[in-house]
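An overview of the molecular structure
Residues per chain are reported as follows:
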Amino acid sequence: MGVRDDQKAATRERVLEAARDLFNEVGYDETTIRAIAERAGVSVGSVFTTFASKAEVLSHVMNHRLAELYAELDRVAPLLRGGTADKLCSIFAIHYEFETRRVKLFLAHIAASYNPNNDPGVTPYGRNPRLSQMLLDVLEEGVRKGEVRGDLDLRLIIDTLKASYAWNYRMAAAAGGNMPAAEMSAVMDKQIAVIAEGWKPR
Amino acid sequence: MSFVSVNIESATDSPVKLTRRALAKQRTRERVLAAARSLFSERGYEGATIRDIAQVAGMSTGAVFASFADKSELFEEILTADYEVIYAQMIQASRNAKTVDEALLGLFGVAYGFHVEQLPLLRASIAVSWTRSEAAERRARGDIKHLFHLIADALQRAIDQGQLKKDIDVKLLAEMSWDVYVANYRRAVYDGWSVEALLARLSDQLKVIFAGARA
């Protein structure tokens, strides 16, 4: 990489960091590209040469955060204990814990993904293949161990779990962002128990 | 059985004679609402300003503010009007059903049918629901509460009729049914799913949720 590319990468990094903090502190709608440029110490023009719109900045901020989340999941994955349901509870608890650190940012991300005028450069919320794969691994192991019936559509179970996982963030939205991760996890635990009741071999 | 009773008949009071002034005011309101509906659909909630709405309605921003306190009130009025249209149909669909699955698919099917027809407005309303003020959140909860009662009533009837176990957590199962129902709109938004496709998926998801609850 040349000096120019180095500089470009550094600018990008600074812009994403500034945007992440402003979206979380001030709110997404309230944050302007100008404010992001100011906090990052770069010109408004240089933000626009890297990103087409504010929505695209948000999308990149969220992709950027995944590296951190995945590192955490990799660290914890081998340590998961208990039965199939327990492991699922742990995986979702890690997600709630992670996302509530910057919950307003996360809520803005969900909101923005429903915005009718999204640009093509925006990745929709909820496309997290890594989470789905982890859940699938746990459920398949459950089938092998005889805890989960073998004739079920595991991807459908994952789809159903993820719906509850996602919409539990409504608790945080309704509380203006003041919702401890533990409270959301507690609700999720109950929801997992409901579904687990249905996958038991009979 | 506790159904939420709503009076869907029009009021039987003697008709109020509208003065010319009141009629003009009402027409202004309707013009603003129509303009706002089309702009929110086109640009989303944030993308449509009161100024734009006034322009499309062919009036001054002052005239808009004479009818509505702010943009969020205007938006809520549109959503509430839509909600009232489908709520009565949802009650009907739920009451006519024989099984719990039929009841839930019936009432959610009414909503899918209505919202998929005007997906851009639904997208704007979901987007807003994640970041609105606490006051707006409280107001919006009133509408959702009725829907939850409707779902819970369907579950309670299924318990009474011996379709579901007596010891299930009705509130929790109602919430989970709601979660999959709303989450599926993503398929309509991003993958262009039809109402039939949404209902087929919902039916499978409800089977996953209720598998352990059947009597």
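About the criteria used
Residues numbered from 1 in each chain as written. Chains lettered and ligands numbered in written order. Predicted model: local features only at pLDDT ≥ 70, side-chain atom pairs only at ≥ 80, totals over all residues. Domains from an automatic or database assignment. Contact = placed C-beta atoms within 7 Å. Nonpolar A, V, L, I, M, F, W, Y, C, P; charged D, E, K, R; others polar. Helix = DSSP H or I, 4+ residues; strand = E, 2+ residues; numbered from the N terminus. Buried ≥ 20, exposed ≤ 12 C-beta atoms within 10 Å, placed from the backbone. Axes fitted to C-alpha atoms, helices over the stretch in contact; angles between N-to-C directions. Parallel < 35°, antiparallel > 145°, perpendicular 65-115°, else oblique. Left-handed = near helix turned anticlockwise from the far one by under 90°.

Quick look at the domain arrangement of chain A now. All names here are of chain A. In terms of domain boundaries, chain A breaks down into domain 1 (1-51) and domain 2 (62-199). Between the C-alpha centres of domain 1 and domain 2 there is a distance of 29 Å. Of the residues lining the interface, 6 residues belong to domain 1; the matching set on domain 2 comes to 6 residues. Taken together, the residues of the side of domain 1 that touches domain 2 sort by class into 3 nonpolar, 2 polar and 1 charged.

Now for the interface of chain A and chain B. Across the boundary between the two partners, chain A contributes 29 residues, which contact 31 residues of chain B. Taken together, the elements giving at least two residues each to the side of chain A that touches chain B come down to helix 6 (103-114), helix 8 (154-167), helix 9 (169-174) and helix 10 (181-199) of chain A. Looking at the side of chain A that touches chain B element by element, the count peaks at 8 residues for helix 8 of chain A. Residue composition of the side of chain A that touches chain B, grouped by class: 16 nonpolar, 9 polar and 4 charged.

What follows is about the domain arrangement of chain B. In many analyses, interface size is given as the accessible surface area lost on bringing the parts together. All names here are of chain B. Here chain B is described as being made up of domain 1 (18-68) and domain 2 (70-210). The distance between the C-alpha centroids of domain 1 and domain 2 comes to 29 Å. In this complex, domain 1 contributes 11 residues to the contact, which on the side of domain 2 involves 13 residues. The leading source of residues in the side of domain 1 that touches domain 2 is helix 1 (residues 20-47), at 9 residues. Among the residues making up the side of domain 1 that touches domain 2, the classes are represented as 7 nonpolar, 2 polar and 2 charged.

On to the environment of Lys207 of chain B, then. Residues and elements named next belong to chain B. Counting through the fold element by element, Lys207 comes out in helix 10 (residues 195-210). Look at Lys207 and you get partly exposed, because 16 C-beta atoms sit within 10 Å. The spacing of Lys207 and Asp101 is 106 residues in sequence and 8.3 Å in space, taken between C-alpha atoms.

Okay, the environment of Leu156 of chain A next. Within the fold, Leu156 of chain A resides in helix 8. Assessed through the 14 C-beta atoms surrounding it within 10 Å, Leu156 of chain A is described here as partly exposed. Discounting residues that sit within four places of it in the chain, Leu156 of chain A has contacts with Asp204, Gln205 and Val208 of chain B.

Our next topic: the packing of helix 4 (residues 54-76) of chain A against helix 6 of chain A. All names here are of chain A. Between helix 4 and helix 6, the shortest axis-to-axis distance is 10 Å and the interhelical angle comes to 130°. The angle between helix 4 and helix 6 falls in the class oblique. When you trace helix 4 past helix 6, the crossing you get is left-handed. Across the interface between the two elements, Ala55, Leu58 and Met62 from helix 4 touch Ala108, His109 and Ala112 from helix 6. Of the residues assigned to the contact of helix 4 with helix 6, the class counts are 5 nonpolar, 1 polar and no charged.

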